Each structure stands twice: as structure tokens, then as C-alpha cells.
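So the chains spell out like this:
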Amino acid sequence: MADKKLTTEEILALARKGGVAPKPTAESPATEESVGASPSEAPAKPAAAKPSSTADILAAARAGGTSAAAPKASPAAKPGSTADILAAARAGKAGGAAAPAKPQTGGEGVKKAPVAAKSVGDRPSVADMVKAAREGAPTAVPAAKPKLPAKPVLPGKKAAEESTRRSFFAEAVTFVTEPFMAAWIAMGAIGAIWGLAVARFMMPNMIVEPPTKFKIGPESDYPPGTVSTKWKAERGIWVVNTDQYNGKQLIYALLSVCTHLGCTPNWLEGEQKFKCPCHGSGFYITGINFEGPAPRPLERVGIRVAPDGSLEVDKSVKFQEELGQWGDAASFVEMA
Ligand code: FES
């Protein structure tokens with residue numbers, strides 16, 4: 001029984017029934033202990049009046065033990081809280097009135113000891129600051145941040161120039177961004193573009209033509225009975241050395257232009273003829289047309305022996321066989 005721990009309800013029930021939780025009886029060891037105990041250690045007196053409620057019991061216990069719910073450990077010991085009273089009641093039930101109550105030292109023992117103020121280095125702790133605030137002492141003010149160095153001031157002349165430059169750009173930006181000025185600038189740009197376009201239109205699209213007169217080398221470069229295609233691509237002529245036109249060994253230059261619609265015929269060495277790829281016109285080595293739609297012979301251009309002995313061709317002069325122009329001495333060079 002001594003090991004059993006009473007619940008709060010049991011304690012209160014016992015207290016309401018009339019007395020101290022561990023009501024001393026003749027058999028209880030608590031009573032035996034209380035005989036030899038001093039008055040200060042004696043169990044609490046039975047309550048004269050039966051408490052009616054928990055509040056009454058606790059009030060009586062706090063007031064000094066009229067209800068004797070908690071035995072006093074000493075005259076100075078005074079339960080301070082419900083927990084203390086319940087602890088004392090449990091102790092009384094288990095060990096009788098001799099069981100010591102929760103050790104207390106007067107009323108001050110109930111209070112918790114203040115937490116020791118801690119401080120780290122030079123910084124005051126929170127407890128110190130709170131204590132200082134309560135006592136009215138001024139709190140330590142943290143050191144002020146170091147000020148940045150003042151901005152260097154430009155010399156008088158340089159500062160004035162800088163200010164003038166800034167104001168000029170500001171005024172220029174403001175002037176250009178004005179709606180009226182923006183319109184004028186746009187119109188000026190459009191006018192300039194139009195002027196350039198007109199100037200380009202007035203300039204002719206010239207194609208640089210090669211000179212009409214050019215030298216083609218000495219007579220020896222063109223042996224008899226041959227057609228040279230050396231100048232066809234560059235100058236548009238064939239150089240022919242033949243005796244088939246009038247029985248004389250002549251060198252002449254034929255234009256490589258078909259007399260039908262202007263295509264460029266090809267010299268076919270195997271067939272000894274000029275053949276137009278467009279509509280099939282054919283021309284002999286003399287330039288006389290003999291097949292296809294070509295209406296007339298090929299044309300000759302001027303040729304002569306230059307003072308330096310080389311042959312010189314002049315494309316600005318043309319000779320047509322149907323007009324009897326091939327008899328002109330400027331249309332051929334007779335071999336000696
Ligand atoms: Fe040469 Fe028609 S252009 S045959």
C-alpha cells in the first residue's frame with residue numbers, strides 16, 4: 001500500500017471525507033513516527049471543517065493547514081502551489097505525516113533562480129540589456145559606420161567644361177526629339193535618298209566594248225587551207241586562208257554571226273563547213289550559204305597588213321558578198 005501512488009481524485013476524495021489525505025490511524029506508521037516527532041514535523045491537524053471543494057482545500061492548504069490536506073514539513077515550510085500540495089498529500093498517504101514535503105526554504109524557495117546573464121565578448125547579453133532597461137540605464141549604442149570618403153571635386157575650369165558639355169548634349173537631344181524637328185529630319189533624309197536615285201538614273205549604263213581594230217599576228221600563223229577559231233570567242237571572227245573563192249590564195253576574216261537570225265555557227269573541220277546550231281544553216285569555207293534558212297553568205301570585216309607586218313582586223317567595216325563588196329581589197333589580204 002505504501003508503494004501505491006494516489007491519484008488526484010483519490011486525494012481530493014479523502015480530503016473531502018474529513019481530513020488529511022493520509023489520515024493518521026493507530027496502525028499507520030506515520031502515526032508512530034509522529035509520536036516522536038517534533039511539533040514542526042508533526043502531521044497536520046485534522047481539519048475542523050470539512051472542505052467542500054478543491055478550491056477550498058487548496059486555499060486551506062495555502063493558508064496554513066486548516067484542512068490538513070498537506071502536512072507541513074516545518075513551520076516555515078509552506079506549500080506554494082497545487083503541485084506542492086498534491087505532492088505533500090501523496091507523500092502523506094504513502095509515508096505518513098513524517099514524509100517530508102518538497103524541500104523549500106521559506107517562500108523564496110518557490111521562486112526560480114534567475115538565469116545567469118551571459119555576455120559574449122563586449123556585447124551585452126539580452127538579460128543584461130533587459131535589466132539595464134528596467135533600471136533605466138542607457139543601453140550601449142553600437143559604433144557608427146565609417147563614412148565614405150567625400151567625392152573629389154573637379155577643378156573649377158574642368159568642372160565648368162564638363163557642365164557645358166553635358167548641357168550641350170542635353171540640349172541637342174531635346175532639340176532633335178522635338179516632334180517638329182523630327183519631321184524636318186525625316187523629310188531631309190527622304191529628299192537625300194531621292195536625290196541619289198535621280199543621280200544614278202541620269203548616269204548611262206555603259207558597256208565597255210573592246211576596240212574594233214586589233215592585231216591578230218603575222219600571216220604565217222594562218223597556213224593555207226585552214227580556218228582559225230582562235231579569235232572566235234574573244235573577237236567573234238574566224239580567220240580563213242583559202243583559194244577556193246576566186247582561185248587566189250586569200251586571207252580574210254568572217255564574222256561568226258549567222259545571217260538567218262544571228263546565232264553563232266560552228267566550224268566543222270571534218271565537213272569543211274560552218275554549221276549553225278539554231279536552224280541548221282550551212283556555209284562553205286568561203287562563207288557562201290548553201291543549206292538551211294540563211295538567206296545570204298556570211299559577212300567579211302576589214303583586214304590589212306599593219307606596218308609592223310602583222311595582220312590587223314577592223315570590225316567597224318563590213319563587206320557583203322551579195323552586194324559585190326568582197327572584191328574590195330580591204331576585205332582580204334592576198335598571199336604572195
Ligand atoms: Fe542560224 Fe537560224 S540563226 S540558221
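Residues numbered from 1 in each chain as written. Predicted model: local features only at pLDDT ≥ 70, side-chain atom pairs only at ≥ 80, totals over all residues. Heavy atoms only, no water.

Looking at the overall build of the protein chain
Looking only at helices and strands, the protein chain has eight helices and 11 strands in total. Considering the protein chain as a whole, with its 336 residues, one finds that 28% of them fall into the buried category. The contacts of the protein chain with a sequence gap of at least 6 include a subset with a gap of at least 24, amounting to 49%. Accessible surface, the protein chain as shown: approximately 22200 Å² in total, 62% of it carbon and sulfur. (Helix = DSSP H or I, 4+ residues; strand = E, 2+ residues; numbered from the N terminus. Buried < 20%, exposed > 50% of the residue type's maximum accessible area, 1.4 Å probe, protein only. Contact = heavy atoms within 4.5 Å. Areas by Shrake-Rupley, 256 points an atom, 1.4 Å probe, with all protein chains shown as cover.)

Here's the deal with the environment of glutamate 299
Its location among the elements puts glutamate 299 in the loop between β8 (289-291) and β9 (300-305). Assessed through its relative accessible area of 12%, glutamate 299 is described here as buried. For the pair formed by glutamate 299 and valine 257, sequence separation is 42 residues and the distance between their alpha carbons is 8.1 Å. In contact with glutamate 299, not counting residues within four places along its chain, are Ala253, Leu254, Leu255, Lys318, Phe319 and Gln320. There is a polar contact of 2.9 Å between the side chain of glutamate 299 and the side chain of glutamine 320. (Polar contact = N/O pair within 3.5 Å; in protein donor to acceptor, adjacent residues only side chain to side chain.)

Some details on the side chain of arginine 235
By the secondary structure assignment, arginine 235 is in helix α8 (residues 232-235). Despite its burial, arginine 235 remains without a salt bridge, the nearest opposite charge being carried by glutamate 234 at 4.0 Å. Not counting residues within four places of it along the chain, the set of residues in contact with arginine 235 comprises Pro210, Pro211, Phe214 and Lys315. (Lys, Arg positive; Asp, Glu negative; His and termini not counted. Salt bridge = Lys/Arg side-chain N within 4 Å of Asp/Glu carboxyl O.)

Some thoughts on the packing of aromatic side chains
The geometry of an aromatic ring pair comes down to the distance between the two centres and the angle between the two planes. With the rule as written, the count across this model stands at seven aromatic pairs. For the pair phenylalanine 180 and tryptophan 184, a centre-to-centre distance of 6.3 Å together with 75° between the ring planes defines the contact as edge-to-face. Residue phenylalanine 180 and its partner tryptophan 184 are located together in helix α7 (residues 179-202), separated by four residues, close to a single helical turn. Take phenylalanine 180: its relative accessible area is 59%, and that puts it in the exposed class. The interplanar angle of 40° and the centroid separation of 4.4 Å between the aromatic rings of tryptophan 238 and phenylalanine 274 together place this pair among those described as tilted. With tryptophan 238 in strand β3 (residues 237-242) and phenylalanine 274 in strand β6 (residues 273-275), this pair connects stretches of sequence that are 36 residues apart. Of the two residues examined, tryptophan 238 and phenylalanine 274, each falls in the buried class. Geometry around tyrosine 245 places arginine 300 over its ring, the cationic atom sitting 5.1 Å from the centre. (Phe/Tyr/Trp six-rings, centres within 6.5 Å; stacked < 30°, edge-to-face > 60°. Lys NZ or Arg CZ within 6 Å of the ring centre and 35° of its normal.)

Observations concerning the nonpolar core
In this structure, Val227, Trp238, Val240, Leu254 and Phe274 are the most contacted members of the largest nonpolar core, which totals 18 residues. When contributions to this core are tallied by element, the ones reaching two or more residues are β3 and β4 (250-255). Counting residues per element, this core draws most heavily on β4, which supplies three residues. For valine 240, the contacting residues outside a window of four places in its chain are Thr226, Val227, Leu250, Ile251, Tyr252, Leu254, Phe274 and Ile285. By size, the runner-up hydrophobic cluster in this structure holds 14 residues, among which are Ile216, Ala253, Val301 and Leu311. (Core = buried A, V, L, I, M, F, W, Y, C linked by side-chain atoms within 4.5 Å.)

Some details on the confidence of the model for the protein chain
Scored by pLDDT, the protein chain has a mean of 75; 66% of the residues are at 70 or more. Every residue in residues 19-49 scores below 50 in pLDDT, and together they form 48 contacts with partners more than four places removed in sequence or on other chains. Of the regions scoring below 50 in pLDDT, residues 93-119 engages in 36 contacts with residues more than four places distant in sequence or in other chains. (pLDDT = per-residue confidence, 0-100.)

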